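# Overview (structure and organization)
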Amino acid sequence: MTHEDYIKLAMEEAQKAADRGGAPFGVVVINKEGDVVWRDHDRVNEHVDPTAHGEINAIRGLCKKLNTLKLREYTFYTTSEPCPTCLTACIKAQVPTIYYGAPTEETASLPIKALELVQRSKKYPISVVGGILEKECLAQREQLLK
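This write-up is about the structure you can find in this document. Note that this is a predicted model, so its numbers are computed, not measured. (Residues numbered from 1 in each chain as written. Predicted model: local features only at pLDDT ≥ 70, side-chain atom pairs only at ≥ 80, totals over all residues. Heavy atoms only, no water.)

Right, let's get into the pattern of salt bridges. A complete count under the given rule lists 7 salt bridges for this structure. Among the ionic pairs, Lys16 bridges to Glu13, the shortest N-O distance being 3.0 Å. Here Lys16 and its partner Glu13 are both found in helix α1 (residues 3–19), 3 residues apart, which amounts to about one turn of the helix. Here Glu13 falls in the buried class, since its relative accessible area comes to 3%. Of the charged contacts in the structure, one is a salt bridge between Arg60 and Asp49, with a shortest N-O distance of 3.3 Å. A residue pair is termed long-range when its members are at least 10 positions apart, and Arg60 in helix α3 (residues 54–66) and Asp49 in the loop between α2 (44–47) and α3 qualify at 11 residues. Note on Arg60: relative accessible area 43%, which makes it partly exposed. Taken together, the salt bridges that share partners define one network made up of Asp40, Arg43 and Glu46. (Salt bridge = Lys/Arg side-chain N within 4 Å of Asp/Glu carboxyl O. Helix = DSSP H or I, 4+ residues; strand = E, 2+ residues; numbered from the N terminus. Buried < 20%, exposed > 50% of the residue type's maximum accessible area, 1.4 Å probe, protein only.)

Turning next to the sheet that holds strand β3 (residues 75–80). Ordered in space as β2-β1-β3-β4-β5, the 5 strands form an open sheet in which the pairing is mixed. The open sheet has two free edges, formed respectively by β2 (36–41) and β5 (127–129), since each of these has just one partner strand. Mean inter-strand twist for the sheet, computed between neighbouring axes without regard to direction, equals 15 degrees. Here 4 bridges tie strand β1 (residues 26–30) to β3, and the two strands are oriented antiparallel to one another. The residue bridging Ile30 from the neighbouring strand is Thr75, located in β3. On top of the sheet, α3 reaches β1, β2 and β3; it is set at about 140 degrees to β2, its chief contact. (Pairing = 2+ DSSP bridges. Axes fitted to C-alpha atoms, helices over the stretch in contact; angles between N-to-C directions. Contact = heavy atoms within 4.5 Å.)

The values reported here are purely geometric and, on their own, carry no functional implication.
Structure representation (structure tokens):
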């Protein structure tokens with residue numbers, strides 16, 4: 001599968017979130033072989049938890065499933081640039097790479113660019129690459145946030 005294929009799967013998760021009354025953000029996690037090992041999305045309203053973003057849910061679920069605090073062997077694909085909360089959690093979980101579609105929206109609660117935070121991560125370096133199906137992810141987010 002390609003980066004675009006994984007982002008499309010994350011977009012399916014974003015649609016699920018929107019269908020359930022959540023924010024349209026989705027995530028897919030793959031292992032080194034390229035197998036999808038986790039899919040999730042925003043569940044803030046569902047869990048009545050302001051931190052239940054897709055990436056956080058994936059980290060919680062995978063760490064528990066694998067009985068580890070380290071996700072060094074996994075890559076995250078998200079529909080949007082990770083927010084500071086999600087990016088920090090990925091850094092703490094030692095996720096090596098995150099690929100995303102659309103950039104952070106200017107109206108986000110804390111619109112700090114991922115690259116600003118990545119540059120400060122010294123103990124657990126992380127790579128963040130954006131712009132994969134950016135137009136499609138942005139269009140989906142704009143449509144579902146109406």
